[in-house]
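Spelled out from the first residue to the last, the chains are:
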Amino acid sequence: MNIEFPSPAWKDYELVDSGNFEKLERFGAYYLRRPEPKALWNKSMSEEQWNRLTHTWFKPGAGFAKAGKEDSGTWERLKKMDDQWTVHYAPALEQGAGITLRLGLTSFKHVGIFPEQAPNWDWIYSATKEIAANMPPAPPTAGCPKVLNLFAYTGAASLAAKAAGADVTHLDSVRQVVTWARQNMELSRLDDVRWVVEDAMKFVKREARRGNTYDGIILDPPAYGHGPDGEKWKLDECLFEMLQGVNSILAPENAFCVLNLYSNGFSAVLAETVAREAFTGIKSLENGELVLRDRFGKSLPLSVFVRLKR
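Source: prediction; values computed, not measured. (Residues numbered from 1 in each chain as written. Predicted model: local features only at pLDDT ≥ 70, side-chain atom pairs only at ≥ 80, totals over all residues. Heavy atoms only, no water.)

J.: Quick one: what's the story with the overall build of the protein chain, residue by residue and with numbers?
T.: For the protein chain, the helix and strand inventory stands at seven helices and 17 strands. In terms of overall dimensions, the protein chain is globule-like: its C-alpha atoms have a radius of gyration of 19 Å, near the 19 Å expected for 310 residues. Principal-axis analysis of the C-alpha atoms gives the protein chain an extent of 60 × 40 × 35 Å. Taken across its 310 residues, the protein chain has 53% of its residues classed as buried. (Helix = DSSP H or I, 4+ residues; strand = E, 2+ residues; numbered from the N terminus. Rg over C-alpha atoms; globule rule 2.2 N^0.38 Å. Buried < 20%, exposed > 50% of the residue type's maximum accessible area, 1.4 Å probe, protein only.)

Right under this line is the structure:
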């Protein structure tokens, strides 16, 4: 099992400190203080030091600790800062492949990216490059892998694949975050991403019926969710069926899949087992945890992943 962190060479993000169920992060020029249920230890810095650095502090609302509303609340500004700003990331630290991501303060404590996902962005970029190098040289698809990003949020993974030369389909059930992802594409000076606002399970089943396949598929499903027409998603009940559907639309060879899971009840071992049972023709598979490490060496585990190739 692998334990992976964002590269310290990424200068636009830093986990400064963590503890007492909070984390202090720097996104570009701004320091943000947010709740973090997994930070079970004590802070390394004093409250005065945290307050001196913090630009804005997320205060949980009445729904805190209630299923589906645990992240609701408001931001309290302690220093002047922009409502929206950008950070830059270069997948696999490759020059000329950088993506620009617009950040903003939402009522659900999120800001538009999950920085611990940076190792996945690197892997997706490199895997897409590898597939392109192994594709037949004949047009029209020469060196242009088809990549599908399900539950795609604001699109960092989509743009990592696009920067590597993929033909990308980006799907999310929330129109507002798809619009946000499109803005990120434009800021990154990329183009021609296919945008889809739809329920992920419905889309995968329809693609399977049509016989469509993809060379890379990325999925980062939530614990709970709803499609645009009220379709219900519950990770425990739907994940295996979803992976079986993804198996049917993933190209039989020279292809990859990345699964990321945030649910506290899912371990890297469980994720590996469900992937091995759902997918056929696996040539290689790796699993692990995505972790942030603060200035004081404390490691904050945030998600588990499985990456496989055919």
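Now, onward.
J.: Talk me through the packing of helix α2 (residues 118–133) against helix α3 (residues 156–163); I want residue IDs and the actual numbers.
T.: The geometry of α2 relative to α3 is characterised by a closest axis approach of 8 Å and an angle of 30 degrees between their N-to-C directions. Considering the angle they form, α2 stands roughly parallel to α3. Crossing of α2 against α3: the hand is right-handed. Along the contact surface, α2 presents Trp121, Ile124, Tyr125 and Thr128, while α3 presents Ala156, Ala157, Ala160, Ala161 and Ala163. (Axes fitted to C-alpha atoms, helices over the stretch in contact; angles between N-to-C directions. Parallel < 35°, antiparallel > 145°, perpendicular 65-115°, else oblique. Left-handed = near helix turned anticlockwise from the far one by under 90°. Contact = heavy atoms within 4.5 Å.)

J.: Quick one: what's the story with the packing of aromatic side chains, residue by residue and with numbers?
T.: Tallying each qualifying case throughout the model produces eleven aromatic pairs. Judged by centre distance (5.4 Å) and plane angle (45 degrees), the rings of Phe114 and Tyr153 are tilted. Remark: Tyr153 occurs in the loop between β9 (146–150) and α3 and Phe114 occurs in the loop between β8 (99–104) and α2; sequence separation between them is 39 residues. Take Tyr153: its relative accessible area is 22%, and that puts it in the partly exposed class. Taking 5.5 Å as the distance between ring centres and 85 degrees as the angle between the ring planes, the aromatic pair formed by Trp123 and Phe256 counts as edge-to-face. You can see Trp123 sitting in helix α2 and its partner Phe256 sitting in strand β15 (residues 256–261), a full 133 residues away along the chain. Here the two residues Trp123 and Phe256 agree in accessibility, since each one is buried. Aromatic rings pair up to connect Trp10, Tyr13, Phe27, Tyr89 and Trp121 into one cluster. Positioned above the aromatic ring of Trp57 is the side chain of Arg33, whose terminal nitrogen or guanidinium carbon lies 3.8 Å from the ring centre. The ring of Trp180 has Arg102 lying over it, and the distance from NZ or CZ to the ring centre is 4.1 Å. (Phe/Tyr/Trp six-rings, centres within 6.5 Å; stacked < 30°, edge-to-face > 60°. Lys NZ or Arg CZ within 6 Å of the ring centre and 35° of its normal.)

J.: Which residues make up the sheet that holds strand β6 (residues 73–77), and what values go with them?
T.: One open sheet holds the five strands; their spatial order is β2-β3-β4-β5-β6, and the pairing between them is mixed. The open sheet has two free edges, formed respectively by β2 (13–19) and β6, since each of these has just one partner strand. Each adjacent strand pair in this sheet contributes to an overall mean axis angle of 20 degrees, direction not counted. Inspection of the sheet shows strand β5 (residues 56–60) paired to β6 by five bridges, in the antiparallel sense. Its bridge partner being in β6, Trp57 is matched across the sheet by Glu76. (Pairing = 2+ DSSP bridges.)

J.: Account for the sheet that holds strand β12 (residues 216–219), naming residues and giving values.
T.: The strand order β1-β16-β17-β15-β12-β9-β10-β11 describes an open sheet built from eight strands, whose pairing is mixed. One side of each edge strand has no neighbouring strand; the edge strands of this open sheet are β1 (2–4) and β11 (194–197). Ignoring strand direction, the axes of neighbouring strands in this sheet form an average angle of 20 degrees. The pairing of strand β16 (residues 284–293) with strand β17 (residues 299–309) spans ten bridges and is classified as antiparallel. Of the residues in β17, the one forming a bridge with Glu286 is Arg307. Packing against the sheet, α3 makes contact with β9, β10 (167–172) and β12, and its axis sits at approximately 175 degrees to β10.

J.: Just give me the short version of the side chain of Thr106, but keep the residues and values in it.
T.: Here Thr106 is to be found in the loop between β8 and α2. Separated by 2.9 Å, the side chain of Thr106 and the backbone oxygen of His110 make a polar contact. (Polar contact = N/O pair within 3.5 Å; in protein donor to acceptor, adjacent residues only side chain to side chain.)

Everything listed here is a matter of coordinates, which is why it stays silent on function.
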